[in-house]
Amino acid sequence: MEHNILVTRSSMPGFEEYCEEIKELWDSHWLTNMGVKHKQLQAELENLLNVPHVTLYTNGHLALENVIAAMNLPQGGEVITTPFTFASTTHAIVRNGLTPVFCDINAEDFTIDTTKIESLITDRTCAIVPVHVYGNVCDVEEIDRIAKKYGLKVVYDAAHAFGVKYKGISTACFGNASMFSFHATKVFNTIEGGAVCFSDDALVQLLNDMKNFGIHGPEEVAFVGGNAKMNEFQAAMGICNLRHLDAAIVKRKAVVERYRSHLDGVEGIQLSPIQADVESNYAYFPVVFDEKKFGASRNEVMDALAENGIGARKYFYPLTNTFAAFHGEFDANKTPVALHISKRVLTLPLYEELALEDVERICKVILNCKK
Ligand SMILES: *Cc1c(COP(=O)(O)O)cnc(C)c1O
């Protein structure tokens, strides 16, 4: 029996490298609350991403929840977003007392369909939360135009897009702010973790207070904040992983190119496009199966892979606007492209250490399903 292949596997530095990085924590006994590792990682990221400010969080979701809160939007305000994403995006809006208004995605790169945004704008619309899904960059120029025209805030869910550049500019730099996730399964991880990137100086203190109970000074608690600070062990993991980020992306690129060499142009298979002017991070490899043309459905392909010890993921299925949590409040038929893609998409195994022979094996199983 051949070895099992999981859909993802976390990038890690060498054991000694990490031990070396955390050694001084045993001298200082300073484990969290914006210690030296936290400050170092923050500075390294500001430098790498070429963005004025980075604030670090214990996870990406709280980063998104906090930055949306920091936009000071009216309670019950409407936020335009997409349902073809991880639960976190929609939940961050709803948990802020805001109403998500779901815009459809485009059928090519699965990001928000900017031609459909303006028809969803009402006098209660206050923000747009687009997602750089799979690391595909949204139409940031058109979103910027619409936001300026209607006076809307823009917060990007850039959880998938760490290391991605558009026209040479990091995805950290668009909109009012961008959120990255550094979860174990992402291209760059701090075990769990996240960041908010932005240029408005006025947000620095607010976000720092917000992730630390609203504590503004030694004897002043200015508002009811939560706790979302990144600890020193997470930051140390980030410092180590950052040293190897470029090499990790090179390996991911080779995996993606091998997948493309077998699957590109196969009838009934749609791959994510190679976007113009975009430097990719090769975060995910989504494949959309058209059962009529391919001869097998997404679920049949997934079952065949499972029988061969290969993991794949229906990412993203179901759409967030169909979650039981929302008790039928939203109608997924209003986002037909997202609905169509979610029923047909499968993301294939993709991680730094995935061997090219394993990619061959995976493609063979998939192509064997073709009728
Ligand atoms: C991973 C992810 C998040 C949040 O991430 P955590 O760091 O796990 O909290 C948010 N949005 C999207 C699209 C994600 O994939």
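Procedures and definitions
Residues numbered from 1 in each chain as written. Predicted model: local features only at pLDDT ≥ 70, side-chain atom pairs only at ≥ 80, totals over all residues. Heavy atoms only, no water. Helix = DSSP H or I, 4+ residues; strand = E, 2+ residues; numbered from the N terminus. Polar contact = N/O pair within 3.5 Å; in protein donor to acceptor, adjacent residues only side chain to side chain. Contact = heavy atoms within 4.5 Å. Axes fitted to C-alpha atoms, helices over the stretch in contact; angles between N-to-C directions. Parallel < 35°, antiparallel > 145°, perpendicular 65-115°, else oblique. Left-handed = near helix turned anticlockwise from the far one by under 90°. Nonpolar A, V, L, I, M, F, W, Y, C, P; charged D, E, K, R; others polar. Phe/Tyr/Trp six-rings, centres within 6.5 Å; stacked < 30°, edge-to-face > 60°. Buried < 20%, exposed > 50% of the residue type's maximum accessible area, 1.4 Å probe, protein only. Near = heavy atom within 4 Å. Areas by Shrake-Rupley, 256 points an atom, 1.4 Å probe, with all protein chains shown as cover. 1 Å grid on protein atoms, 1.4 Å probe; cavity = no way out; pocket = protein on both sides within 12 Å on 5 of 7 lines; lining within 4 Å. Sits in = over half its atoms within 2 Å of the grid points. Expected span 1.5 Å × (residues − 1). Pairing = 2+ DSSP bridges.

Chemist: Go over the side chain of Ser 272, please, and point to the residues and values.
Modeler: Relative to the helices and strands, Ser 272 resides in the loop between β12 (269–271) and β13 (278–279). In this structure the side chain of Ser 272 is engaged in a polar contact, spanning 2.9 Å, whose partner is the side chain of Asn 136. Leave out the neighbours within four places in its chain, and Ser 272 touches Phe 110, Asn 136, Arg 260 and Pro 286.

Chemist: Can you tell me about the side chain of His 38, naming the residues and giving the values?
Modeler: One can find His 38 in helix α2 (residues 36–49). If near-sequence neighbours (up to four positions away) are discounted, His 38 is found in contact with Leu 56, Lys 211, Met 230, Glu 232 and Ala 235.

Chemist: Any details on the packing of helix α8 (residues 245–263) against helix α12 (residues 356–368)? Residues and values, ideally.
Modeler: Pairs of packed helices are described in terms of their axes, by the angle between the two and the distance that separates them. Interaxial distance between α8 and α12 falls to 10 Å at its minimum, and their mutual angle equals 30 degrees. Taken together, the axes of α8 and α12 are roughly parallel relative to one another. When you trace α8 past α12, the crossing you get is right-handed. Counted together, Ala 254, Val 255, Arg 258, Tyr 259, His 262 and Leu 263 of α8 and Leu 356, Val 359, Glu 360, Ile 362, Cys 363, Ile 366 and Leu 367 of α12 form the full contact between these two elements. For the contact of α8 with α12, the residue count by class is 10 nonpolar, one polar and two charged.

Chemist: How would you explain the packing of aromatic side chains if you had to name every residue and give the values?
Modeler: Counting across every chain of the model gives 19 aromatic pairs. Here Phe 84 and Phe 316 contribute two aromatic rings whose centre-to-centre distance is 5.5 Å and whose plane-to-plane angle is 80 degrees, an arrangement assigned as edge-to-face. Separated by 232 residues along the polypeptide, Phe 84 in the loop between β2 (78–81) and α4 (87–94) and Phe 316 in the loop between α10 (298–307) and α11 (336–342) bring together distant segments of the chain. By the burial criterion, Phe 84 is buried, and Phe 316 matches it. Summarising the aromatic geometry, the rings of Phe 162 and Phe 180 are spaced 5.2 Å apart at their centres and angled 85 degrees between planes, so their arrangement reads as edge-to-face. You can see Phe 162 sitting in the loop between β5 (153–157) and β6 (165–166) and its partner Phe 180 sitting in strand β8 (residues 177–181), a full 18 residues away along the chain. Exposure remark for Phe 162: the relative accessible area of 2% places this residue in the buried category.

Chemist: Can you tell me about the site of the ligand, naming the residues and giving the values?
Modeler: Around the ligand sit 16 residues, and of these His 61, Asp 157, His 160, Ser 181 and Lys 186 come closest. Here Ser 181 contributes a side-chain N or O atom positioned 2.7 Å from an oxygen atom of the ligand. One nitrogen or oxygen atom from the side chain of Lys 186 is found 3.2 Å from an oxygen atom belonging to the ligand. For the ligand, whose free accessible area comes to 380 Å², the fraction covered by protein is 94%. A majority-of-atoms criterion places the ligand in the largest pocket. For the shell around the ligand, the elements supplying multiple residues, two or more each, are α3 (60–70), α4 and β8.

Chemist: Describe helix α7 (residues 232–243), and please don't skip the residues or the numbers.
Modeler: In a regular helix each residue adds 1.5 Å, so 12 residues correspond to 16 Å; α7 covers 17 Å between its end C-alpha atoms and thus fits that length. Counting buried positions over the 12 residues of α7 gives 10, a clear majority of the element. Among the residues of α7, Glu 232, Gln 234, Ala 235, Ala 236, Met 237, Gly 238, Ile 239, Cys 240, Asn 241 and Leu 242 are the ones counted as buried. For α7, the elements touching its buried residues are α1 (15–28), α2 and α8. Capping the start of α7, Asn 231 holds a side-chain oxygen 2.9 Å from the backbone nitrogen of Phe 233, two or three residues further along.

Chemist: Requested: an account of the sheet that holds β8, with residues and values cited.
Modeler: The strands that make up a sheet pair up through hydrogen bonds in the backbone, lying either parallel or antiparallel. Spatial ordering of the open sheet is given by β1-β9-β8-β5-β4-β2-β3, a layout of seven strands whose pairing is mixed. Edge positions in the sheet fall to β1 (53–57) and β3 (99–102), since each has one partner strand and no second. Between one strand and the next, the sheet's axes are offset by a mean angle of 25 degrees, whatever the strand orientation. Pairing of β1 with strand β9 (residues 194–198) involves five bridges; the strand directions are antiparallel. Paired with Leu 56 across the bridge in β9 is Ala 195.

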